[in-house]
Amino acid sequence: MTDRLKDLSPGDVAEVVGYEGADPAYRSKLLAMGLTKGIEVKLLKIAPLGDPVEVMVRGYNLSLRKAEADILKIRRKS
């Protein structure tokens with residue numbers, strides 16, 4: 001079963017398992033930012049209105065808009 005980042009709470013860790021119907025150009029952008037399949041991401045913060053979200057990936061913090069984050073298919077690890 002896959003989840004989305006919006007299903008996580010701050011502190012939760014998940015693994016990227018794929019991308020949902022993303023524009024190939026945008027998917028390439030996510031890949032360039034290090035969000036490759038199999039990589040572990042940790043949800044750090046959610047803005048008060050739920051947009052954006054901040055995640056830690058490969059040792060750096062990355063902020064994604066809610067719509068951008070919904071493209072990622074993840075599997076919860078904790």
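Structure report, in brief.

Rules used throughout
Residues numbered from 1 in each chain as written. Predicted model: local features only at pLDDT ≥ 70, side-chain atom pairs only at ≥ 80, totals over all residues. Heavy atoms only, no water. Pairing = 2+ DSSP bridges. Helix = DSSP H or I, 4+ residues; strand = E, 2+ residues; numbered from the N terminus. Axes fitted to C-alpha atoms, helices over the stretch in contact; angles between N-to-C directions. Contact = heavy atoms within 4.5 Å. Buried < 20%, exposed > 50% of the residue type's maximum accessible area, 1.4 Å probe, protein only.

**Considerations on the sheet that holds strand β3 (residues 53-57)**
Logical step 1: Taken in spatial order, the five strands of this open sheet run β4-β3-β2-β1-β5, and their pairing is antiparallel. Because the sheet does not close on itself, it has two edges, and the strands there are β4 (60-64) and β5 (72-76). On average, each strand axis in the sheet is inclined to that of its neighbour by 45°, with strand direction left out of account.
Logical step 2: Relative to β4, β3 runs antiparallel, the two sharing five bridges. Residue V53 lies in a different strand from β4, and its bridge partner there is L64.
Logical step 3: Its contacts with the sheet place helix α1 (residues 24-32) against β1 (13-19), β4 and β5, and it is angled at close to 145° to β1.

**As for the pairing of β1**
Logical step 1: With five of its seven residues buried, β1 lies for the most part within the structure.
Logical step 2: Strand direction decides the pairing type here: β1 and strand β2 (residues 40-46), joined by three bridges, are antiparallel. Residue pairing for β2: A14 is matched across the bridge by V41.
Logical step 3: Relative to β5, β1 is paired through five bridges, and the arrangement is antiparallel. Bridging from a neighbouring strand, V16 pairs with I74 of β5.

**Remarks on the side chain of D3**
Logical step 1: Relative to the assigned elements, D3 resides in the segment before β1.
Logical step 2: Taking the relative accessible area as the measure of exposure, D3 reaches 13% and is therefore buried.
Logical step 3: For D3, the residues in contact, after removing those within four places along its chain, are L72, K73, I74 and R76.

**Section: the environment of Y19**
Logical step 1: Mapped onto the secondary structure, Y19 falls in strand β1.
Logical step 2: For Y19, a relative accessible area of 14% gives the class buried.
Logical step 3: Along the sequence, Y19 and I74 sit 55 residues apart, while their C-alpha atoms lie 8.6 Å from each other.
Logical step 4: Those residues in contact with Y19, other than ones at most four positions away along the chain, are R27, L30, L31, L35, T36, K37, I71, L72 and K73.

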